[in-house]
Amino acid sequence: MSTTTTRGVAQPAPAKASPARPRRGLRGNPTVNFWLFTGPFLVGLAIFVIVPIGWSIWLSFFDARYTVTPSHFIGFDNYKQILTNSGFPDSLLTFTVFAAFIVPTTWALSLGLALLVNQLRFMRAFFRSVFFLPTAVSYVAAALIWKMSIFSGVRFGLANTVIGWFGADTIAWMSNPTPPWYWLVIVTLRLWIQSGFYMILFLAALQNIPAELYEAAAIDGAKRGWQTFRYITLPQLRATSTAVILLLLIAAYQAFDEFFNIVGQKATWAQTPLMELYKTALGTSQDYGAGSAGAVILSLLICLVTLIQGKFMGFGRGDESK
């Protein structure tokens, strides 16, 4: 042991303090912390998502009329019934028309709003909030506003009032399938609610594009506007555009609230797949087996379309410029 000398007297040197050991407890255990944070979410996911999906698949193979605990196994009869003896196949045509309207228009409008907001130098946060605010409105409330105040079909509605200023007759927006004016009502409703959310996604992607790309393009003689948008901006937004289109397609498959509250169940010319499943499972027949079979078919269609769309547009590639 080393010593020190103070006034000629040898004294032992003070011992070095040993390093503090990390505490072993709940805070220092990463495994416990992981389960504390993710445990409630996983429990909720299992109870409200995984178990209902498994139960629905199980019900689809049984005769489940007026009961969710059947005992008579019928195989694929429910799948045959939903595909042949119901309006479910015809509702897929309604979805196709709806998707053909809503997907490209929402994509274009969201991208256009993002480009405009991104060019602002003042009040950018204000306009970003204004365009995003409709996202907080429920589809039911928005559908009632569109139906009762804007496109009410009488001369007191806002749309018919504006048309009347130009001397035109009032239009029955939702009661007549020929011409199908109800598509204008439903598509504008979806555009108003959805565009702000996807605008935020595009806006985030636009702000991540390196400014050096535009500077290099300007040096090479590229003109600002369409040329830079086509050859720089749009390719850099490929991954975001793919994600937006996938989300729009999935949301179109799940269309229910606006059709149910604007058009109703009696209009056979405007029934979505979810509305047909609603009438089958929760209507007068209460055929939970056939309704579950339709839900399984719809889920498989969504997965198939998602995989095909992602493969076609190259979703998941690391380099967006390729």
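Residues numbered from 1 in each chain as written. Predicted model: local features only at pLDDT ≥ 70, side-chain atom pairs only at ≥ 80, totals over all residues. Heavy atoms only, no water.

Rules: UniProt positions are given in the numbering used here, feature names are shortened, and annotations may be inferred rather than shown by experiment.
The name given to the chain in an unreviewed UniProt entry is Sugar ABC transporter permease, with the source organism recorded as Streptomyces fuscichromogenes. Looking at the chain in UniProt, the text filed under Sequence similarities (unreviewed entry) is "Belongs to the binding-protein-dependent transport system permease family."

**Quick look at the overall build of the chain**
Cut-off, in case you're wondering: Only DSSP runs of H or I reaching four residues or more are called helices, and only runs of E reaching two or more are called strands; each is numbered from the N terminus. Summary of the burial criterion: residues with accessible area below 20% of their type's maximum are buried, those above 50% are exposed, and those between are partly exposed, where the area comes from a 1.4 Å probe applied to protein chains only. Here, two residues are considered to be in contact whenever any of their heavy atoms come within 4.5 Å of each other. The Shrake-Rupley method, run with a 1.4 Å probe, gives the accessible areas here. Residue values count only the displayed protein chains as cover.
Counting its secondary structure elements, the chain contains 13 helices and two strands. Here the chain holds 322 residues, and 34% of them are scored as buried. Long-range contacts, defined as pairs at least 24 residues apart, comprise 64% of the intrachain contacts of the chain with a sequence gap of at least 6. Accessible surface, the chain: about 20200 Å² in total, of which carbon and sulfur atoms supply 67%.

**As for helix α5 (residues 139–150)**
Structural remark: α-helix, 3.6 residues per turn; residues separated by three or four positions point the same way. Selection rule: By definition, the arc is the one covered by directions from the helix axis to the C-beta atoms.
What α5 keeps buried is the set A142, A143, W146 and I150. Angular distribution of buried residues about the axis of α5 spans 105 degrees; they occupy a single face of the element. Buried residues in α5 make contact with α6 (158–165), α7 (182–207) and α11 (257–262).

**Focus: the pattern of salt bridges**
The criterion, for reference: One speaks of a salt bridge when a side-chain nitrogen belonging to Lys or Arg is within 4 Å of a carboxyl oxygen belonging to Asp or Glu.
In total, this model carries three salt bridges according to the counting rule given. In this structure, the salt-bridge partner of D287 is R65, at a minimum N-O distance of 3.4 Å. Placement of the pair is D287 in the loop between α12 (273–282) and α13 (288–313) and R65 in the loop between α1 (30–59) and α2 (77–84), with a sequence separation of 222 residues. Its relative accessible area of 2% is what places D287 among the buried residues. Looking at R65, the relative accessible area reads 40%, which means it is partly exposed.

**With respect to the packing of helix α3 (residues 88–119) against helix α10 (residues 238–253)**
We apply this condition: For helices, the fitted line uses only the C-alpha atoms of the stretch in contact; every axis is such a line through C-alpha atoms, and the angle between N-to-C directions lies from 0 to 180 degrees. We call a crossing left-handed when the near helix sits turned anticlockwise from the far one by less than a right angle, and right-handed when that turn is clockwise. Under the scheme applied here, ten amino acids are nonpolar (Ala, Val, Leu, Ile, Met, Phe, Trp, Tyr, Cys and Pro), four are charged (Asp, Glu, Lys and Arg), and all others, including Gly, are polar.
Running from amino to carboxyl end, α3 crosses α10 at an angle of 145 degrees, the nearest separation of the two axes being 9 Å. The crossing of α3 and α10 is right-handed. The residues of α10 that touch α3, namely those facing F95, F98, A99, I102, V103, T106 and W107, are S241, V244, I245, L248, L249, A252 and Y253. A per-class count over the contact of α3 with α10 returns 12 nonpolar, two polar and no charged.

**What to know about the environment of L116**
Inspection of the secondary structure assignment puts L116 in helix α3. Judged by relative accessible area, L116 falls into the exposed class, the value being 58%. Sequence separation of L116 and L203 is 87 residues, and the distance between their C-alpha atoms is 9.5 Å.

**Some remarks on the environment of S285**
The residue S285 is located in the loop between α12 and α13 in this model. Measuring from C-alpha to C-alpha, the distance between S285 and Y66 comes to 7.8 Å, with 219 residues separating the pair along the chain. Apart from the residues lying within four places of it in its own chain, the contact partners of S285 are R65, Y66, K279 and T280.

**Side note on the packing of aromatic side chains**
Remark: the centre distance and the inter-plane angle together describe each pair of aromatic rings, the angle taken between the planes. Selection criterion: Pairing of aromatic rings covers Phe, Tyr and Trp, the last counted by its six-membered ring, and requires centre-to-centre distances within 6.5 Å; plane angles under 30 degrees mean stacked, over 60 mean edge-to-face, and any other angle means tilted.
Across all of its chains, the model carries 24 aromatic pairs by this definition. Ring geometry for F62 against F73: centres 5.5 Å apart, planes inclined by 80 degrees, an arrangement best described as edge-to-face. With F62 in the loop between α1 and α2 and F73 in the loop between α1 and α2, the pair connects residues that are 11 residues apart, well separated along the chain. Residue class for F73 comes out exposed when judged on its relative accessible area of 52%. With a centroid separation of 5.5 Å and an interplanar angle of 55 degrees, the aromatic rings of F256 and Y278 are classed as tilted. Of this pair, F256 sits in the loop between α10 and α11 while Y278 sits in helix α12, and the two are 22 residues apart along the sequence. Its relative accessible area of 30% is what places Y278 among the partly exposed residues.

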